[in-house]
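Secondary and tertiary structure notes
The residues making up each chain are set out below.
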Amino acid sequence: MMPARLRVFPAISRNRDPKTYVGELMRVAEFADRNGFEGILLFEGNDVFVEPWAMAQHIIAATTRSSPLIAVNPVYMHPFTAAKFVSSFAQLYGRKVYLNMITGTAISDLHGLGDELSHADRYVRLGEFVAIVRQLLSSPRPVNADGRFYRASNLQLRPRLPAELMPEFLIAGQSEAAQRVAEETGCIKMQMLPPDLERGLNAPGMNFGIFARERGDDARQAAKARFRDNPDDRELLALTVENSDSVWKRRLYEGQSGEFQDNGYWLLPYLTFQADCPYLVGSYAEIGAKLKEFAAKGLTTVMLDMVADEAEMQHAGRALKASGMF
């Protein structure tokens, strides 16, 4: 049986300029809406220029079918608030959203917010958060909960969400605690593109970027021109890794070079703080074939880092289409 088509959520490459942030997001969101993408990934954190729920509403209002993938961190809101936003979007627009459940933000930001929980406890809280949001959106009865981090007594959200608009939950953490919570809550597990592109694939979701051209050599040349190596940018990443307890960030950072690997795997955009994930660089046909292999191994969902440039988005779209899975 052929796997179902891939659901792809584009994200903009890291943007450090508040003047261009919203414009870039809207450019990618509108491109995604016209070209069969599921929605767009919206980040959360103290350093994000626009709150993702506000950005999601802006995008939904300006598109015809986009279902944003909204990052949700319990440090910023109560589960009832998140459920209320999901329900409100359903009533306002009849649109489904996806929730990317995260615990990570800079350690200094957690301290600033007065959140002193351990890495493991933040995942326990995340699991309780997901369970309460799900129950509030789907249960015909008031919700009661008596967890370590959340208690609820006869808590009810009206009106009930139609089943077809229920959000799907993703978890991108790579630690044991993250993997356990993803299993317990039935969230879609995400992982980073592994360097060997093969053996490391063990989740239905994957995060990477695509840089493609008709010919593989041209793709590499253009990628190097777009993402330039720079010691200052590498130093910036080193500082953020130091200020994070994220397992996946550390794994990517340690012992990696910015060299192209023969299979097209390229970490330089991440190492120079220009993207949040590895890139897959090659011809449309090469990348399409890889995506088809990934889908055959169970890949269903992709968070796709994209350069917010119309021509580059077209190139990435051609590589996706070459897979026959998009």
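Preceding this paragraph is the structure being described.
Read on for a plain summary of the structure.

Here's the deal with the overall build of the protein
Of the regular secondary structure elements, the protein holds 12 helices and 12 strands. Relative to its length of 326 residues, the protein is compact, with a C-alpha radius of gyration of 19 Å against a globular reference of 20 Å. Burial analysis of the protein (326 residues in total) assigns 54% to the buried set. In the protein, the proportion of contacts linking residues at least 24 apart, taken out of those at least 6 apart, comes to 72%. Of the roughly 14,300 Å² that the protein leaves accessible, carbon and sulfur atoms contribute 50%. Distance between charge centres in the protein, computed from 37 positive and 40 negative side chains, equals 6 Å.

Regarding unusual backbone geometry
With omega at -10 degrees, the peptide bond leading from R158 into P159 counts as cis. Within the chain, N154 stands out as a residue other than glycine whose phi angle is a positive 50 degrees. Along the chain, the position of N154 falls in strand β6 (residues 151-155). Owing to a relative accessible area of 54%, N154 belongs among the exposed residues under this scheme. One non-glycine residue, L197, lies in the positive phi region at around 65 degrees. As for its placement among the helices and strands, L197 is situated in the loop between β8 (188-192) and β9 (205-213). Residue classification places L197 among the buried residues on the basis of a relative accessible area of 0%.

Some words on helix α2 (residues 52-62)
Residues of α2 that are buried: P52, W53, M55, A56, I59 and I60. Along the long axis of α2, the arc covered by the buried residues comes to 155 degrees, so they all point the same way. Buried residues along α2 sit against α1 (18-34), β2 (41-42), β3 (69-72), α3 (79-93) and β4 (98-101).

Some thoughts on the side chain of R213
Take R213: it is sitting in strand β9. Of the polar contacts made by the side chain of R213, one reaches the side chain of E312; its length is 2.6 Å. Residues in contact with R213, not counting those within four places in the same chain, are D218, A219, A222, G282, S283, Y284, E312 and H315.

Reading the values: rules and limits
Residues numbered from 1 in each chain as written. Predicted model: local features only at pLDDT ≥ 70, side-chain atom pairs only at ≥ 80, totals over all residues. Heavy atoms only, no water. Helix = DSSP H or I, 4+ residues; strand = E, 2+ residues; numbered from the N terminus. Rg over C-alpha atoms; globule rule 2.2 N^0.38 Å. Buried < 20%, exposed > 50% of the residue type's maximum accessible area, 1.4 Å probe, protein only. Contact = heavy atoms within 4.5 Å. Areas by Shrake-Rupley, 256 points an atom, 1.4 Å probe, with all protein chains shown as cover. Lys, Arg positive; Asp, Glu negative; His and termini not counted. Charge placed at Lys NZ, Arg CZ, Asp CG, Glu CD. Arc of directions from axis to C-beta. Polar contact = N/O pair within 3.5 Å; in protein donor to acceptor, adjacent residues only side chain to side chain.

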